[in-house]
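# Structural features, examined
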Amino acid sequence: MAAPRKSTPTVRRAAVLGGNRIPFARSNGAYAKASNQDMLTATIDGLVARHGIAGERLGEVAGGAVLKHSRDFNLTREAVLGSALDPTTPAYDVQQACGTGLETAILVANKITLGQIESGAAGGTDTASDAPIAVNEGLRETLLAANRARTTGQRLKALTGLRPGHLVPEIPKNLEPRTGLSMGEHMALTTKEWGITREDQDELAALSHRHLAAAYERGFFDDLVTSYLGLSRDNNLRADSTTEKLAKLSPAFGKGDGATMTAGNSTPLTDGASMVLLGSDDWAAEHRLTPLAYFVDSETAAVDYVHGAEGLLMAPAYALPRLLARAGMTLQDFDYYEIHEAFAATVLCTLKAWEDPDFCKGRLGLDAPIGAIDRSKLNVNGSSLAAGHPFAATGGRIVASLAKQLHEKGAGSRGLISICAAGGQGVMAILEGA
Amino acid sequence: MTDTYTQFVNSAFGKQVAGRLGMPRPAALRRYVPGAALIDGPVLVGGHGGGPLAKRITALLGHAGVTVVDELPAGGTVSGVVVDLSAARTPADLETLRALVGPALKVLAPSGRVIVVGASPDEAADDVPLAAVRRSLEGIVRSVAKELRKGATANLVLVRRGGEDNIDATIRFFLSGRSAYVDGQGVEVGPIEAGAAVDAADWDRPLAGKVAVVTGAARGIGASIADVLARDGATIVCVDIPAAGEALAKVANRNGGSTLQLDVTAPDAGARIVEHARTRHGQLDIVVHNAGITRDKLLANTDADRWKSVVDVNLMSVLRMNETILAPGALADGGHVVCVSSMSGIAGNRGQSNYAASKAGLIGLVHALGASADLHHRGITVNAVAPGFIETEMTGKIPLATREMGRRVNSLAQGGLPVDVAETIAWFAQDANAGVTGQVVRVCGQSILGA
């Protein structure tokens, strides 16, 4: 009789081996007719081609979308089945608002770290163009009541509940269900609270565009992006963006004279998808792939924005000290910071909070402020203000770009990722250059 | 790109119409199918003065399972004729060729093959009659190619001193369906470094275990090159500009290869290609310089930008990349470089002086590198194909009348397919073909242009 197999967890490093995304497109533009499944499939295919792994069975593929049709219940698995990967590659969906893309990478990395899988891909997709439109809630209830009816009479009676107003469909809104405020309106409250100026926001936005344009120019994205539907660069990118031009825009969020947030210093609705390839060192060596970076640790925080205790997008501020404590690091120990630019003000509020003694003591319970960062290490190849922000695709964009930056910087370099998400959540991760 | 005319004249009704009206009837060409016989039906082999090379050819055909005959079968057909004139001393000896090949043409099967084997005229030294007769063979082959019908082709193999044992891959190529659209061409086979292989382990997968890079692989001829090299066993690296990435990924994935997005004009393009091939696939054996662009304008009307971009992409980039690729430790010893030139580079083309400059320049490059003692010592071959009218997305955009003209003005009365160009490149890339270097083979159905 064979000895029973022992399944002892091994703990090892999970490597980022590369990434792929399609160029991000402003909604109702280049990808207006592409579905989440189309974009995710194309993105997986580009990832497979770049790494020469057609026909390969990966340990798993984790993906997701924030705006999702009900028919897309198995979105990532369907994308895998339509891709060049071995159809026996399992897949599942994750949904954590804008944190989706990073959370999938953390999940896959953790399984690799535990020795449960050798390889995996993680990412996400989102389309604000091909958005799900649902039938009117009144119509839905009436039809369900008719469906429950047992006799023709009961059915007819149920259908008499139909009203002309039921023709108006339910269109997804970028609103927090518990507050009724849009994300921009929430952010405007926080921006005002922290006194972030219009000038600072515009400067951050202009810098994001300049950094992204420069990165494209020097070929940084040659092995990170695959063209799609005729687009080979993010079409939100304005290479000639300046603070002067941005200063001319009217505020879009907030009220009155104090309103500082414009379409220029907020991310637009965007379509796109991204994926990263992860693996163990052994799997990478077997496939002659070079690890770019390793996952060190991650932390997700959530805040009570509903009762006004904290701003909607401030959760990363709370995740950081927990993450740093475990890693035995300070905020200043990093070579690169990737702070997702949901709005320019989000980045600036978060940075300001970490510098603020009262916030750090009162809210985070720290003896001393976390402190400032060297801004020249922030979003060095541009971020969401320039590239755009297809919700679930942003995490994969950042992980792949940062991993490449860290690999270029050298082994042992460190990078921090911070992504705020709807529902008052924030996902952070530390990567180390390989 | 459907050639409607060829389809029509090969239909039952179309055959009658074309026959009555004396319209040309382009034949459906025999193309290579993996695993199929080298050539169906018997091949007549003969030669002058005992045919010193005919013996080797008879042996290799026997090995390939081909029936070899030394005279025409009574009442039957032959699928090919191979005549060895390498021992011809004077033009009077050409009678051997006439007596053997002439009658055979009357019974040559559709998509039949005529191969004339001779010695290189360049090596006749001061023996004038010898130089004359050796050169005569080219005239004969070019004329026979024009005489042949039903998809049959005629080609010339010239053997340089010491190249006698290296002809197998070339004879096989010209007999097989791989050379479907190569007609009226001559190839020189020369000596190789001792120890180089001239026999493929598996003639159906002659590139097994090799790593090949194809530039401009996203579409058209480049995509076909990637497909054919992969079919022949190579691991392929598909290179194209980032803007072509979506199509490039499809080509790589269907062939189990990898993509490398770069602009071939980037200063580090060669280094990135070598690094990718060696890191991801362990080695680099074959490089196909296929990437190319056109910016057509009459020289009188063109500008510096149009001029420069074509010369940069099509020629300068190849010169620059070769510096890295051919440096020691990059392309493996015994490796192969193939450039994609063009008939425009040979014949010239109105409005394409920049394109012709670049494509003719590639021919100059190939001749120079083919003569390099260093590359010869390392067993590296450098050759070029020069496609004629090939049915692609690009030629599909040519106005109908011009397109029909382009298609018909060749001995096979039809355009070639991207796969025809790819097959010729794959043959250049075989190790068994190590004796062929510095050569330019036109894949043009013997176009009258630049003949």
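Residues numbered from 1 in each chain as written. Chains lettered and ligands numbered in written order. Predicted model: local features only at pLDDT ≥ 70, side-chain atom pairs only at ≥ 80, totals over all residues.

Along its length, chain B carries 16 helices and 13 strands. Along the three orthogonal principal directions, the C-alpha set of chain B runs to about 60 × 55 × 45 Å. Burial analysis of chain B (451 residues in total) assigns 54% to the buried set. Of the contacts made within chain B by residues no fewer than 6 positions apart, 76% connect residues no fewer than 24 positions apart. (Helix = DSSP H or I, 4+ residues; strand = E, 2+ residues; numbered from the N terminus. Buried ≥ 20, exposed ≤ 12 C-beta atoms within 10 Å, placed from the backbone. Contact = placed C-beta atoms within 7 Å.)

All right, on to the nonpolar core then. The biggest cluster of nonpolar side chains holds 263 residues, and the ones touching the most others in it are Leu278 and Leu431 of chain A together with Val116, Ala212, Val213, Val214 and Leu229 of chain B. The greatest single-element share of this core, amounting to eight residues, is contributed by helix α11 (residues 344-355) of chain A. Formed jointly, this core draws a minimum of three residues from each of two domains, domain 1 (37-189) and domain 2 (211-443) of chain B. Once residues within four sequence positions are removed from consideration, Val116 of chain B is found in contact with Val83, Leu85, Leu97, Leu137, Ile140, Val141 and Leu156 of chain B. (Core = buried A, V, L, I, M, F, W, Y, C linked by C-beta atoms within 7 Å. Domains from an automatic or database assignment.)

All names here are of chain B. Annotation of chain B at the domain level lists domain 1 (37-189) and domain 2 (211-443). A separation of 29 Å is found between the C-alpha centroids of domain 1 and domain 2. At the junction of the two partners, domain 1 supplies 19 residues and domain 2 supplies 17 residues. At four residues, helix α6 (residues 168-175) tops the list of elements feeding residues into the side of domain 1 that touches domain 2. In terms of residue class, the side of domain 1 that touches domain 2 is built from eight nonpolar, six polar and five charged. (Nonpolar A, V, L, I, M, F, W, Y, C, P; charged D, E, K, R; others polar.)

Residue and element names in this part refer to chain A. Interhelical geometry of helix α4 (residues 137-148) versus helix α5 (residues 152-159) gives an angle of 175° and a closest axis separation of 8 Å. Taken as axis vectors, α4 and α5 run roughly antiparallel relative to one another. Between α4, through Thr142, Ala145 and Ala146, and α5, the contact on the second element is made entirely by Arg155, Ala158 and Leu159. Residues of the contact of α4 with α5, tallied by class, amount to four nonpolar, one polar and one charged. (Axes fitted to C-alpha atoms, helices over the stretch in contact; angles between N-to-C directions. Parallel < 35°, antiparallel > 145°, perpendicular 65-115°, else oblique.)

The next thing to look at is the pairing of strand β9 (residues 293-302) of chain A. Residue and element names in this part refer to chain A. Counting buried positions over the 10 residues of β9 gives seven, a clear majority of the element. Strand direction decides the pairing type here: strand β1 (residues 15-21) and β9, joined by two bridges, are antiparallel. Opposite Ala15, over in β9, you have Tyr294 as the bridge partner. One ladder, built from nine bridges, connects β9 with strand β12 (residues 425-433); its direction is antiparallel. Its bridge partner lying in β12, Ser298 is registered against Ala429. (Pairing = 2+ DSSP bridges.)

Let us now look at the interface of chain B and chain A. The partner chain A presents 21 residues to the 20 residues of chain B that form the contact. Contributions of two or more residues to the side of chain B that touches chain A are made by α8 (245-254), β9 (258-261) and α9 (269-281) of chain B. It is α8 of chain B that provides the largest number of residues to the side of chain B that touches chain A, a total of six residues.

Residue and element names in this part refer to chain A. Compared with an ideal rise of 1.5 Å per residue, which puts 16 residues at 22 Å, helix α14 (residues 394-409) spans 22 Å between its outermost C-alpha atoms and is within 8% of the ideal. Of all 16 residues in α14, 13 are buried, a share of seventy percent or more. Downstream of α14 by one or two residues, Gly410 has phi in the positive range, about 125°. (Expected span 1.5 Å × (residues − 1).)

Moving on, we come to the sheet that holds strand β8 (residues 235-240) of chain B. Within a sheet, adjacent strands bond to each other through the backbone by hydrogen bonds, running parallel or antiparallel. Residues and elements named next belong to chain B. Spatially, seven strands are ordered β9-β8-β7-β10-β11-β12-β13 in an open sheet, and the strand pairing comes out parallel. Sheet topology places β9 and β13 (440-443) at the edges, where each strand pairs with a single neighbour. Each adjacent strand pair in this sheet contributes to an overall mean axis angle of 20°, direction not counted. Pairing analysis gives five bridges linking strand β7 (residues 211-215) to β8, with the strands arranged parallel. Pairing of Thr215 across the sheet is with Val239, part of β8. Sheet contacts for helix α16 (residues 418-428): β10 (286-289), β11 (336-340), β12 (381-387) and β13; angle to β12, the most-contacted strand, approximately 170°.

Now for the sheet that holds strand β3 (residues 78-84) of chain B. All names here are of chain B. In spatial order, the strands read β2-β1-β3-β4-β5-β6; together these six strands make up an open sheet with parallel pairing. Each edge of the open sheet is held by one strand with a lone partner, namely β2 (68-69) and β6 (186-189). In this structure, strand β5 (residues 153-159) lies alongside β6, joined through four bridges in parallel fashion. Across the sheet, residue Leu156 finds its bridge partner in β6, namely Gly186. Against the sheet, helix α4 (residues 94-106) touches β1 (43-47), β3 and β4 (108-119), its axis set at about 170° to β3.

All names here are of chain A. Residue Ala97 is not a glycine yet carries a positive backbone phi of 50°. With respect to the secondary-structure elements, Ala97 resides in the loop between β4 (91-93) and α3 (100-113). For Asn379, which is not a glycine, the phi torsion comes out positive at approximately 45°. Here Asn379 lies in the loop between α12 (357-363) and α13 (384-387). Since 25 C-beta atoms lie within 10 Å of it, Asn379 is described here as buried.

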